[in-house]
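Now for the letters of each chain:
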Amino acid sequence: MDGLALCNVQLQVEKAFRDHFRNRKQFKLPKFKKKRDKQSYTTNNTHNSIRVDFKRGLLYLPKLREGVKVELHRRFDGKVKSVTVSKTKDGKYYASILVKTENPRNKVVEPRSKACGVDLGLEHFVTVTNDFGSYKVEHPKYLLKAEKQLRRLQRSFSRKQKGSKNSEKARLRLARQHAYISHARNDFLHKLSKAIIDENQVVVVEDINVKSLLRTRLAKSITDSGWSKFLTYLKYKTEWYGRTFIQVSRFFPSSKLCHRCGYKNEDLALNDRTWCCPACGEKHDRDVNASINLYFVGLGRSERGTVEQALVDDRSPNGLPKKPSCDETGSSTAKG
Ligand SMILES: [Zn+2]
């Protein structure tokens, strides 16, 4: 470790204490680090002490005469500001390089579709409707399989005697599996969100707090961490690429509205995967219908580059009357 690295640690510790004394509730006292947890240090570039040799795949760090062999993920131009070297729980080393560059903007593709509605699902990961129709994206099979394996490793680890060599081996296997799942899931979520952003100008999603309540016993960990991360990715990518992100209010009944006539099906149960509209006779797939309703919300707005929380209430999104007349006739016949 060089002097600048120590300096950075000093700065971080000072900030931690400063934050703590300013706001004790939000910022806890800094803790000592456990050796087993993720470890890292940050050092700054002075007089070209940090360099990258792209041809030979070497990273030069202060205090090390020889370059460190690294796997480089991309080329970059610009001035290296600092580097953070970290060791993760599964024993791998990573170097994150901060670079000052002239053109940070990513290439923007012209969207083919004006809007899209994204329904987050339990059986399928998402159901999307845009100008070209509806499609479903499955939960990746390899993730489901890896989650199963993770549960097996967790059981194996908890059975081992604490502090033993076998326990350490099991811990490492578990940490590796955790890392694999997190990388694989992030990869999936990044690719899917980027594909949606590339294709559509306006992206409309529902309020997931409501959806989370519906979930309860059906699916757990995958959907849990997946949904909120997915929405976070969609949100910041819409900002990057000049698209519009709309999250509808929790009172918008995207599943209950008939997308064809605007009838609101109050009796729709949580496990109804399909339903038939009593007003117009249209047969609905629950998820497709919901994504179509979200798509309609998006069609109404196509201003560029905003992120907003839509204040949509119980109105039908396509401007149709809230209650069709057949709803009334239905209730009167029930009386008689
Ligand atoms: Zn209908």
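Up top is the structure.
Residues numbered from 1 in each chain as written. Predicted model: local features only at pLDDT ≥ 70, side-chain atom pairs only at ≥ 80, totals over all residues. Heavy atoms only, no water.

Asks: What's the story with the pattern of salt bridges in this structure? I'm lost.
Replies: Opposite charge on two side chains permits them to pair, given that their charged atoms come into close proximity. If you walk through the whole model with that rule in mind, you get 12 salt bridges. For the salt bridge of E199 with R112, the shortest nitrogen-to-oxygen distance reads 2.6 Å. In this pair, E199 sits in helix 3 (residues 165-199) while R112 sits in the loop between strand 6 (93-100) and strand 7 (113-120), placing the two residues 87 residues apart along the sequence. For R112, a relative accessible area of 56% puts it in the exposed group. (Salt bridge = Lys/Arg side-chain N within 4 Å of Asp/Glu carboxyl O. Helix = DSSP H or I, 4+ residues; strand = E, 2+ residues; numbered from the N terminus. Buried < 20%, exposed > 50% of the residue type's maximum accessible area, 1.4 Å probe, protein only.)

Asks: It is not clear to me how the sheet that holds strand 6 should be interpreted in this structure. Could you clarify?
Replies: Strands belonging to one sheet form pairs held by backbone hydrogen bonds; the direction of such a pair is parallel or antiparallel. Strand order in this open sheet of three strands is 1-5-6, and the pairing throughout is antiparallel. In this open sheet, the two strands that pair with only one neighbour each are strand 1 (39-44) and strand 6. Strand after strand, the sheet turns through a mean of 15° between neighbouring axes, direction not considered. For strand 5 (residues 79-87) and strand 6, the ladder comprises eight bridges, and the chain directions are antiparallel. The partner of T84 across the bridge, within strand 6, is S96. (Pairing = 2+ DSSP bridges. Axes fitted to C-alpha atoms, helices over the stretch in contact; angles between N-to-C directions.)

Asks: It is not clear to me how the side chain of T129 should be interpreted in this structure. Could you clarify?
Replies: Mapped onto the elements, T129 comes out in strand 8 (residues 126-130). The class of T129 is buried, set by a relative accessible area of 4%. A distance of 2.7 Å separates a polar atom in the side chain of T129 from a polar atom in the side chain of S134. (Polar contact = N/O pair within 3.5 Å; in protein donor to acceptor, adjacent residues only side chain to side chain.)

Asks: Which parts of the structure should I look at to understand the coordination of the zinc ion?
Replies: By definition of the ideal shapes, four donors in a tetrahedron about a metal sit 109.5 degrees apart, and six donors in an octahedron sit 90 or 180 degrees apart. Each protein donor to the zinc ion is listed here as C258 (SG), C261 (SG), C277 (SG) and C280 (SG); together their distances run 2.2 to 2.4 Å. Every donor counted, the four donor atoms about the zinc ion form angles of 108 to 115° at the centre, which fits tetrahedral coordination. Taken in sequence order, the residues that donate to the zinc ion follow the motif C-x2-C-x15-C-x2-C. Classification of C277 by relative accessible area gives buried; the value is 3%. (Donors = N, O, S within 2.8 Å, 3.2 Å for Na, K, Ca; no water. Tetrahedral: all angles 85-135°; square planar, octahedral: opposite > 155°, others 65-115°.)

Asks: What is the right way to read helix 1 (residues 3-22) from this model?
Replies: Every α-helix carries 3.6 residues per turn, so stepping three or four residues along brings you back to the same face. Here helix 1 spans 28 Å end to end across 20 residues, near enough to the 28 Å set by a 1.5 Å rise per residue. Regarding helix 1, the residues found buried are A5, N8, D19 and H20. The arc that holds the buried residues of helix 1, viewed along the axis, is 110°, so those residues lie on one side. Facing away from the buried side of helix 1 by over 90 degrees, the exposed positions are G3, L6, L11, F21 and R22. Those residues of helix 1 that are buried lie in contact with strand 1. (Expected span 1.5 Å × (residues − 1). Arc of directions from axis to C-beta. Contact = heavy atoms within 4.5 Å.)

Asks: What is the right way to read the packing of aromatic side chains from this model?
Replies: What describes a pair of aromatic rings is the distance from one ring centre to the other and the angle between the planes of the rings. One pass over the structure, following the stated rule, counts seven aromatic pairs. Aromatic side chains F54 and F76 sit 5.2 Å apart centroid to centroid with 75° between the ring planes, which places their arrangement in the edge-to-face category. In this pair, F54 sits in the loop between strand 2 (51-53) and strand 3 (58-60) while F76 sits in the loop between strand 4 (68-69) and strand 5, placing the two residues 22 residues apart along the sequence. For F54, a relative accessible area of 22% corresponds to the partly exposed category. Among the aromatic residues, those joined into a cluster by ring pairs are Y233, Y236, W240 and Y241. The ring of Y60 carries the charged tip of R51 above its face, separated from the ring centre by 4.5 Å. Stacked on the ring of F132, the Lys or Arg R112 has its end atom at 4.6 Å from the ring centre. (Phe/Tyr/Trp six-rings, centres within 6.5 Å; stacked < 30°, edge-to-face > 60°. Lys NZ or Arg CZ within 6 Å of the ring centre and 35° of its normal.)

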